[in-house]
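Breakdown of the fold
Here is how the chains run, residue by residue.
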Amino acid sequence: MTRAEAGCLFFEVAPDPVDPECFSVREAFLSPDAFAAHQSRAANSAWGALTRDFQRQYEVLGMDEAVSDDETWMAKALALADAASAVGEVPVGALVVLDGEIIGQGFNQPITGCDPTAHAEIVALRQAALAQSNYRLPGAVLYVTIEPCLMCVGAIVHARVARVVFGAREPKAGALISHPKVGDHSINHRFEIVEGVLSDVCGQRMSLFFSTRR
């Protein structure tokens, strides 16, 4: 498995179990535009030069349509996670949706921003609040690729977000499902939690990021 580029959900190279001189490549992309950009980059890359004379047999299965609105928004959050990874930040992306429109978005940037609070969720909530001219965001949905931490859960409560949709669990710091804290306190706002949307892809982003740093 190698690191996926921006716009790529996964990129996997596997040797042929019968012929050691052959291998297969499996790729999935967020959109046709992302796939076209990949083809252009690959043709002019070191990989393209190395494999230029290789015999190829392609099988293109086409683009799957998102089966739900949640998957559509999560795919956009994944693109933001890629933006974080591109600048050396942990690949987490988030966006806030209200009435079918994005009103705030962001990705992890505590290192580049010298701001320990600049998690993807916080960045997206700040942008959304400014867009609405209101620190409360009733009816809004927060999409985030990884389960929010305790700090971000606090911000979600204060913002009065109606629903939180996340991709993969964060077993160490996740504060919604992995280590639920909201139920331990008497708070005046509750929100719906949906987990597991594109969870494999979201989790893979984290695994690939940290595997390159070990």
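Residues numbered from 1 in each chain as written. Predicted model: local features only at pLDDT ≥ 70, side-chain atom pairs only at ≥ 80, totals over all residues. Heavy atoms only, no water.

Brief notes about helix α4 (residues 120-132)
What counts here: Elements are defined by DSSP. Helices are runs of H or I of four residues or more, strands are runs of E of two residues or more, and each kind is numbered from the N terminus. To estimate the expected span of a helix, count its residues, drop one, and scale the result by 1.5 Å. To sort residues, take the accessible area from a 1.4 Å probe on protein chains only and compare it with the maximum for the residue type: under 20% means buried, over 50% means exposed, and anything in between is partly exposed. Whether two residues are in contact is decided by their heavy atoms: any pair within 4.5 Å suffices.
Given a rise of 1.5 Å per residue, 13 residues ought to cover 18 Å, and the 18 Å separating the end C-alpha atoms of α4 matches this to within 8%. Buried residues of α4: Ala120, Glu121, Ile122, Val123, Ala124, Leu125, Ala128 and Ala129, and no others. Where α4 is buried, its residues contact β3 (93-98), β4 (101-107), β5 (141-146) and α5 (150-159). Directly beyond the C-terminal end of α4, a positive phi value near 55° is found at Ser133.

Re the environment of Arg163
Here Arg163 shows up in strand β6 (residues 163-168). When its relative accessible area of 19% is taken as the criterion, Arg163 is described as buried. Put simply, Arg163 and Arg190 are 27 residues apart on the chain and 9.0 Å apart in space, counted from C-alpha to C-alpha. Those residues in contact with Arg163 that sit more than four places away from it in its chain are Asp70, Ala140, Val141, Leu142, Tyr143, Phe191, Glu192 and Val194.

Section: the nonpolar core
Within soluble globular proteins, side chains that are nonpolar tend to cluster in buried spots. As a reminder, the rule being used: Throughout this description, the term nonpolar core refers to a set of buried Ala, Val, Leu, Ile, Met, Phe, Trp, Tyr and Cys residues connected via side-chain atoms within 4.5 Å.
Counting residues in hydrophobic clusters, the biggest one holds 40 residues, and the most contacted among them are Val96 and Tyr143. Taken together, the elements giving at least two residues each to this core come down to α3 (69-86), β3, α4, β5, α5, β6 and α6 (199-211). Other than its neighbours up to four places away in sequence, Tyr143 contacts Asp70, Trp73, Met74, Ala77, Gly93, Ala94, Leu95, Val97, Arg163 and Val165.

Some details on the pairing of β6
For clarity, the threshold we go by: Think of it this way: DSSP has to see at least two bridges between two strands before they count as a pair.
Of all the 6 residues making up β6, 6 are buried; the element is thus mostly covered by neighbouring parts of the structure. Two elements, β5 and β6, share 5 bridges in a ladder whose sense is parallel. From the neighbouring strand, Val144 faces β6, where its bridge partner is Phe166. Where β6 lies against strand β7 (residues 192-195), 4 bridges are found, and the strand directions are parallel. Paired with Arg163 across the strands is Glu192, a residue of β7.

What to know about the pattern of salt bridges
Short version of the rule: Every case where a carboxyl oxygen of Asp or Glu lies within 4 Å of a side-chain nitrogen of Lys or Arg is listed as a salt bridge.
Following the criterion strictly, the structure yields 5 salt bridges and no others. A salt bridge links Arg205 to Asp82, with the shortest nitrogen-to-oxygen separation between them at 2.6 Å. Of this pair, Arg205 sits in helix α6 while Asp82 sits in helix α3; the two residues are 123 residues apart in sequence, bridging distant segments of the chain. Classification of Arg205 by relative accessible area gives buried; the value is 6%. Its salt-bridge partner being Arg163, residue Glu192 comes within 3.4 Å of it at the nearest N-O pair.

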